[in-house]
Amino acid sequence: MSKIDKKDKISRPRGTRDILPDEMEKRRRYELIMREIAENYGYREIQTPVFENLELFTIKSGEDIIEEIYNFKDKHGRELALRPELTAPVLRAFVNECSVMPKPLRFYYIANCFRYERPQKGRYREFWQFGVELIGSGSHLADAEVILLAYNILRELKLDFELKIGHVGLLRHLLREIEEEKASKIMRLIDKKDEKGLKELVREPSIPAELEKNIYELIEAEGSRDVVDDVSKIIPDYDFSQINNLCDVLDALGVEYSLDFGIARGLDYYTGVVFEVYAKSGLGAQNQLCGGGSYRLAHLFGGQDIPSTGFALGFDRIAEICKISPEKRDTVVVINLGYEAETLKIAETIRNEINKRVITDVMGRNLKKQMSFANDVGADYVVIVGEREIKQNRFVVKDMRTGEQKLLSVEEIVSLLK
Ligand code: AMP
């Protein structure tokens, strides 16, 4: 290509990442841990489309949410959106495909999501979530199960985190006299911890001073279980049994948590217990690792009005701070000196019989260059297939960690590398 033809490099879209093999190996390891734990609790994987009808995401959260969504029209003029999260898609799939299946249903997913956000460390426009939905129960036991599941995953990943549990029902109860749109706005400002915006809104004359005081007292209520007593003084006509029963179960199981009635969650569909998990270090401002709670969505998508509960873990943030190393696989380089059939047969035997990663040269390089390549890829063993070796049916095997060399038959190589 001449100089004139040479194009500028094409960069990736803002807020996206290329995830290279070293990082992918780590991510796959973490993913496997998450999958195994979720499956141990009876959850089964579900996959939904990357794009959905835009309406799926606006139906409850309103048109405002479009600001944060990648939406577009297809060639037929249909209004579509890249999924910003998976709870709504999973509930839509439930209503469309599995509403007659025996309840409760337990689903998990690991999938990419898209949000039109201002990118920064730990906040991307394409990111991954690992999440679960437990559909069909509004019991405190359902809340306890999903909280325990998220807690155990984060413990298994050896993360240093803080679990905070709240209940949006209390805030909704306080705000019940206010028009719905304004109440939602207040919830969103509380969720975003936008103190200035909240102050301006609750100072409006339509909001009684007593209510303003109660809102502040409620969202500032946080700490150990005793705060339930304080909060019950602010809202004496509320039934606290769900939160009390949940705390009883979590306490009995030794789960460490604190209560925080300032958790509002951004999306409008949450109805009851909600929870958030924060990393104690390593992430800076974007340190929320997980968000979840109980909600009602199915009836909005044409199904029965049934309660569900779930959570989503921010997979990228977890991958950023988790220190567990990926499982190491031995790498064997079989040196190809031009005896192609013999080289490839030996490589195949090692791959098939003992499931090792085996690399052979495809560049027609000499021995020295292939040895240096073996070093570059961190080979544990090198097998040399040369003329002399083929004649005597025994091959040089070099242990790259010790430098030790042996002359072995293929069977002996297989048992050595096992
Ligand atoms: P949410 O659906 O907003 O409750 O998000 C659930 C989890 O996904 C959060 O706790 C974060 O860990 C993660 N998350 C949300 N938005 C982003 C983003 N833009 N980039 C990376 N992770 C995110």
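From a predicted model like this one, the values you see are computed outputs, not experimental measurements.

Trainee: Sorry, what's going on with the overall build of the protein chain here?
Mentor: The helix and strand inventory of the protein chain stands at 15 helices and 17 strands. Across the protein chain, the fraction of contacts at a sequence separation of at least 24, relative to all contacts at a separation of at least 6, is 68%. Of the charged side chains in the protein chain, 63 are positive and 71 negative, and the gap between their average positions amounts to 7 Å.

Trainee: Can you help me understand the sheet that holds strand 11 (residues 288–296) in this one?
Mentor: Two strands in a sheet stick together by hydrogen bonds in their backbones, pointing the same way (parallel) or opposite ways (antiparallel). Taken in spatial order, the nine strands of this open sheet run 1-5-6-12-11-10-7-9-8, and their pairing is mixed. Each end of this open sheet is capped by a strand with a single partner; those strands are strand 1 (44–45) and strand 8 (222–223). Relative to strand 12 (residues 307–314), strand 11 is paired through seven bridges, and the arrangement is antiparallel. Within the sheet, the bridge partner assigned to glycine 291 lies in strand 12 and is alanine 312. Against the sheet, helix 4 (residues 140–156) engages strand 5 (105–114), strand 6 (126–135), strand 7 (161–167), strand 10 (270–279), strand 11 and strand 12, with an angle of about 15° to strand 12.

Trainee: Explain the nonpolar core to me, please; I cannot follow it from the model alone.
Mentor: Counting 109 residues, the largest nonpolar core has Leu157, Ile165, Phe261, Leu289 and Phe311 as the members making the most contacts within it. The greatest single-element share of this core, amounting to ten residues, is contributed by helix 4. Contacts of phenylalanine 311, omitting those with residues within four sequence positions, involve Tyr109, Phe130, Gly131, Val132, Val146, Leu149, Ala150, Ile153, Phe275, Cys290, Gly291 and Gly292. Val332, Val334, Val383 and Leu417 belong to the second largest nonpolar core, which has 17 residues in total.

Trainee: Any chance you could explain the site of the ligand here in plain terms?
Mentor: Near the ligand lie 15 residues; those nearest to it are Arg115, Glu117, Tyr124, Arg265 and Gln288. Residue glycine 314 places a main-chain N or O atom 3.5 Å away from an oxygen atom belonging to the ligand. Sorting the residues of the shell around the ligand by element identifies strand 6, strand 11 and strand 12 as the ones contributing at least two each. Element by element, the count of residues in the shell around the ligand is highest for strand 11, at four residues.

Trainee: Help me understand the packing of aromatic side chains, please; the structure alone is not making it clear to me.
Mentor: What describes a pair of aromatic rings is the distance from one ring centre to the other and the angle between the planes of the rings. Evaluated as defined, the whole model comprises nine aromatic pairs. When the ring of tyrosine 151 is compared with that of phenylalanine 161, the centres are 5.6 Å apart and the planes differ by 85°; the resulting orientation is edge-to-face. Pair noted here: tyrosine 151 is in helix 4 and phenylalanine 161 is in strand 7, with a separation of ten residues, a long-range link. Judged by its relative accessible area of 12%, phenylalanine 161 is buried. Where tyrosine 270 meets tyrosine 295, the ring centres are 6.4 Å apart and the plane angle is 85°; that geometry is what we call edge-to-face. Of this pair, tyrosine 270 sits in strand 10 while tyrosine 295 sits in strand 11, and the two are 25 residues apart along the sequence. Judged by its relative accessible area of 6%, tyrosine 270 is buried. Here tyrosine 295 falls in the buried class, since its relative accessible area comes to 2%. Lying across the ring of tyrosine 124, arginine 17 places its NZ or CZ 3.6 Å from the centre. When the ring centre of tyrosine 116 is taken as reference, the NZ or CZ atom of arginine 125 above it lies at 4.1 Å.

Reading guide: rules and limits
- For every chain, the first residue of the written sequence is number 1, and numbering continues from 1 along that sequence.
- Given that this is a predicted model, residues contribute local features only at a pLDDT of at least 70 and side-chain atom pairs are listed and counted only at 80 or more, while totals for whole chains, interfaces and linings are drawn from all residues.
- Values shown for side chains rest on all heavy atoms present in the structure; no hydrogens or waters enter the calculation.
- Segments assigned H or I by DSSP are reported as helices when at least four residues long, segments assigned E as strands when at least two residues long, and all are numbered from the N terminus.
- Residues are treated as being in contact if the distance between any of their heavy atoms lies within 4.5 Å.
- Neither His nor the chain ends contribute to the count of charged residues, in which Lys and Arg are positive and Asp and Glu negative.
- Where a charge sits is defined by one atom per residue type, namely NZ (Lys), CZ (Arg), CG (Asp) or CD (Glu).
- Paired strands, as defined in this entry, are two strands with at least two bridges between them according to DSSP.
- Simply put, an axis is a line fit to the C-alpha atoms, just over the touching stretch for a helix, and the angle between two N-to-C directions goes from 0 to 180 degrees.
- We define the nonpolar core as a collection of buried residues of types Ala, Val, Leu, Ile, Met, Phe, Trp, Tyr and Cys that are connected through side-chain atoms lying within 4.5 Å of one another.
- Per-residue accessibility, obtained with a 1.4 Å probe over protein chains only, is compared with the maximum for each type, and a residue is labelled buried under 20%, exposed over 50%, and partly exposed between these values.
- If a single non-hydrogen atom of a residue is within 4 Å of a molecule or strand, that residue counts as near it.
- Each polar contact in these results corresponds to two N or O atoms within 3.5 Å; when the atoms are within protein, one needs to be able to donate a hydrogen and the other to accept it, and residues that are neighboring in sequence are counted only if both atoms are side-chain atoms.
- Aromatic contacts are taken between Phe, Tyr and Trp rings whose centres are within 6.5 Å, Trp giving its six-membered ring; a plane angle under 30 degrees counts as stacked, one over 60 as edge-to-face, and the others as tilted.
- Either the NZ atom of lysine or the CZ atom of arginine qualifies as a charge over a ring when it sits within 6 Å of the ring centre and within 35 degrees of the ring normal.

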